[in-house]
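# Analysis of the macromolecular model
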2 protein chains.
Amino acid sequence: MFDKLEFLLALAREQHFGRAAESCGVTQPTLSAGLKQLEQSLGVLLVNRGSRFQGFTPEGQRVLEWARRIVGDTRAMRQEVSALRHGLTGRLRIAAIPTALTTVAALTTPYRAKHPDVQFTVLSRTSTQILTLLENLEIDAGLTYLDNEPLGRVNAVPLYRETYRLLTAADAPLGNRDQVSWAELSQVPLCLLTPDTQTRRIIDGLLRGANGGCHPTLESDSMILLFAHVRTGRWASIIPAKIAEALGPIDTIRTIPIVEPDAIHTIGLVLPAREPMTALNAALAAEARRITTSPAHDARRATFGTIAVN
Amino acid sequence: MFDKLEFLLALAREQHFGRAAESCGVTQPTLSAGLKQLEQSLGVLLVNRGSRFQGFTPEGQRVLEWARRIVGDTRAMRQEVSALRHGLTGRLRIAAIPTALTTVAALTTPYRAKHPDVQFTVLSRTSTQILTLLENLEIDAGLTYLDNEPLGRVNAVPLYRETYRLLTAADAPLGNRDQVSWAELSQVPLCLLTPDTQTRRIIDGLLRGANGGCHPTLESDSMILLFAHVRTGRWASIIPAKIAEALGPIDTIRTIPIVEPDAIHTIGLVLPAREPMTALNAALAAEARRITTSPAHDARRATFGTIAVN
DNA sequence: GCGTTGTGATAGAATATTTCTATCAACCTG
DNA sequence: CAGGTTGATAGAAATATTCTATCACAACGC
């Protein structure tokens, strides 16, 4: 019965009988039979079929929700029992929006110090992908915007408010400033993240609000690529302050606070809204709360945000 | 796996391998093997054994909590799917404290009008038993005090505030009054519920507060027996107003409001705190909320509480 | 129009698993 | 120490599950 519910989850994830079967480690007929059996046991058709997978029936969608819950709880139970015996072990799967990736280290480092047997998988995903992965139990936790998109049924721990910096060569236009305003940014050739990211959409909004336009000369989904371009001295970019901190001081390159709107969106840890959390997630949430409530951290990171730059 | 968790629940309920097996419809060796397998699959001992059942290990107690959750959710899923196909069907198991038994009719009657295929089982239990039964998934809902004992993780819908009446013959002492006070009740020979009921403990408290003593000349766990005694004209009893209403007008017997403290404890519907409720329970909660918010009901029942008597 | 590819259902054999009956060992009780 | 109760164990029988191989159907390309 459990296995059948897992089949259903796999099918929802893969949208394909064959791949779902593979992902469950069984053959396709086994998965087919399992689903048919689940349908029979519940007395409803769950899957619309017709020579190929055609989505779920309305009943199937409801059952899918329950299946997520039940399978999630079962995994949480196993994990908790294992934690009682061997301490925390296993793998914590985390996905973060690109701009929050560096913040992951602030969680994983103290976590690992306390629970050295836990392994991590960290993925870079967009905010919408993160919510989907969370829904499907494909990740345990996410780092993303808390106040921007409909979060659904999740548990959130705020971590920090995002601020932005202008990343530019010291000898370029604006390069000598101590701070710049959003309105001034139209003067320089910008390279930005692609518009499918929430960060880019936020930056677009801020630029439009200030001077009515956003025409980046280069777009990429890779922060490293943006940085490489700025490094040539001919481009500038707008990056979240957290990323600037992680880059550290770099010769010839400056990161200049952009003021007025200062910080708008909150970024935080997002966990499935399950009443007793999994043991691994409970420890992660504790770590996140420690960061949130640590005044030292707040002072260093949020208030005196400007790190030494060349 | 599911079956194994059900075995565990049955064992917790019956505290006995043989009876638990019977309650699951399997033989004792099957249940024994199932539990052993569950232990192996989780890698922990769950049950303390030694020639007889000796309770659960700490890990077993945690797993038990999860099992309640998972099994409950699975049943809820099945029920919801069945409701989608055939409308609401099945059996709703309700337990109520004796004094709230008559209120059950106010829920079941409109419920049945809307969902004629649902069957009911109504049990009379003490308030503590009700909470245990609810925990163990042995009942779907309870009617009990909401503000008196630690309720645990449940969902509560208040229904009414309990008030008390003196049940006595018209020609007995106090029989001609329109209302009496708690202090005056020491004048008459009382027959009351046994002290294991919460209602009795509340009445004790009220009597003690008023005149410093409570010495009922007769105790019983049966409301009908109390009534039979009062009927002889030689006894009096203190009964909740709701019961008085249900009895209706009776020759020679009066039900007289007892005033000052008037109503103290709230009685309501108690359901397991499960996020999406079972379909049957959701309908029951809706019915309960209808009663709570109906001003007609409040007026008729609570304010003009005195029904015509003799 | 006709082969090709991709997708899921079906049949039958091989394999696991579950469950039962029967019996045993430990323990308590008088 | 007999008698009753309780849970564990062994082995056979019954069920379920899973696999391999194959089929049926639709979409697509030439």
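### Thoughts on the layout of surface pockets
Empty space within the largest pocket amounts to approximately 610 Å³. Together, 24 residues line the largest pocket, and A:Arg69, A:Arg153, A:Ala273, A:Arg274 and B:Glu275 are the ones closest to its centre. For the lining of the largest pocket, the secondary structure elements donating two or more residues are helix H4 (58-86), helix H6 (127-135) and strand S6 (154-169) of chain A. Tallying contributions element by element places H4(A) first for the lining of the largest pocket, with 5 residues.

### Focus: unusual backbone geometry
All names here are of chain A. The backbone phi angle of Leu-137 is positive, close to 60 degrees, even though this residue is not glycine. For Leu-137, the position within the fold is in the loop between H6 and strand S5 (141-145). Classification of Leu-137 as buried rests on a relative accessible area of 10%.

### Some details on the protein's contact with DNA strand C
The full set close to DNA strand C counts 18 residues, and A:Ser32, A:Lys36, A:Arg49, B:Thr30 and B:Gln37 are the nearest of them. The sugar-phosphate share of atoms of DNA strand C within 4 Å of the protein amounts to 76%. Note that a sugar or linking oxygen of DNA strand C is positioned 3.3 Å from one of the side-chain N or O atoms of A:His16. A distance of 2.6 Å is found between a phosphate oxygen of DNA strand C and a side-chain nitrogen or oxygen belonging to B:Thr30. Elements that contribute at least two residues to the surface near DNA strand C include exactly helix H2 (17-24) and helix H3 (28-42) of chain A together with helix H3 (28-42) of chain B. Partitioning the surface near DNA strand C into residue classes produces 5 nonpolar, 9 polar and 4 charged.

### Brief notes about the pattern of salt bridges
Taken as a whole and assessed by the stated rule, the structure comprises 26 salt bridges over all chains. The salt bridge partner of A:Arg200 is A:Asp204, with a shortest N-O separation of 2.7 Å. Of the two residues, A:Arg200 and A:Asp204 are both situated in helix H7 (residues 198-211); the distance of 4 residues between them amounts to about one turn of the helix. Linked by salt bridges that have partners in common, A:Arg62, A:Glu65 and B:Glu80 make up one network.

### Let's talk about the packing of aromatic side chains
Counted according to the given criterion, the structure contains 9 aromatic pairs over all chains. Ring centres of B:Phe53 and B:Phe56 lie 5.4 Å apart, and the angle between their planes is 75 degrees; on these two criteria the pair is classed as edge-to-face. Each member of the pair, B:Phe53 together with B:Phe56, is buried. Residues B:Tyr164 and B:Trp182 carry aromatic rings whose centres are separated by 5.8 Å and whose planes lie at 70 degrees to one another, so their mutual orientation is edge-to-face. With a gap of 18 residues between them, B:Tyr164 in strand S6 (residues 154-169) and B:Trp182 in the loop between strand S7 (180-181) and strand S8 (190-193) connect regions that are remote in the sequence. The side chain of A:Lys242 reaches across the aromatic face of A:Tyr160, ending 4.5 Å from its centre.

### Quick notes on the nonpolar core
If you look at the biggest cluster of nonpolar residues, it comprises 60 residues, and the most contacted ones within it are A:Leu8 and B:Leu8. Once residues lying within four places of it in the same chain are set aside, the contact partners of B:Leu8 are B:Leu35, B:Leu38, B:Leu46, B:Phe56, B:Val63, B:Leu64 and B:Ala67. One finds A:Val180, A:Ile238, A:Ala283 and A:Ala288 within the second-largest nonpolar core, a separate group that totals 54 residues.

Conventions we followed
Residues numbered from 1 in each chain as written. Chains lettered and ligands numbered in written order. Predicted model: local features only at pLDDT ≥ 70, side-chain atom pairs only at ≥ 80, totals over all residues. Heavy atoms only, no water. 1 Å grid on protein atoms, 1.4 Å probe; cavity = no way out; pocket = protein on both sides within 12 Å on 5 of 7 lines; lining within 4 Å. Points joined across faces, edges and corners; volume = space filled by probe spheres on them. Helix = DSSP H or I, 4+ residues; strand = E, 2+ residues; numbered from the N terminus. Buried < 20%, exposed > 50% of the residue type's maximum accessible area, 1.4 Å probe, protein only. Near = heavy atom within 4 Å. Polar contact = N/O pair within 3.5 Å; in protein donor to acceptor, adjacent residues only side chain to side chain. Nonpolar A, V, L, I, M, F, W, Y, C, P; charged D, E, K, R; others polar. Salt bridge = Lys/Arg side-chain N within 4 Å of Asp/Glu carboxyl O. Phe/Tyr/Trp six-rings, centres within 6.5 Å; stacked < 30°, edge-to-face > 60°. Lys NZ or Arg CZ within 6 Å of the ring centre and 35° of its normal. Core = buried A, V, L, I, M, F, W, Y, C linked by side-chain atoms within 4.5 Å. Contact = heavy atoms within 4.5 Å.

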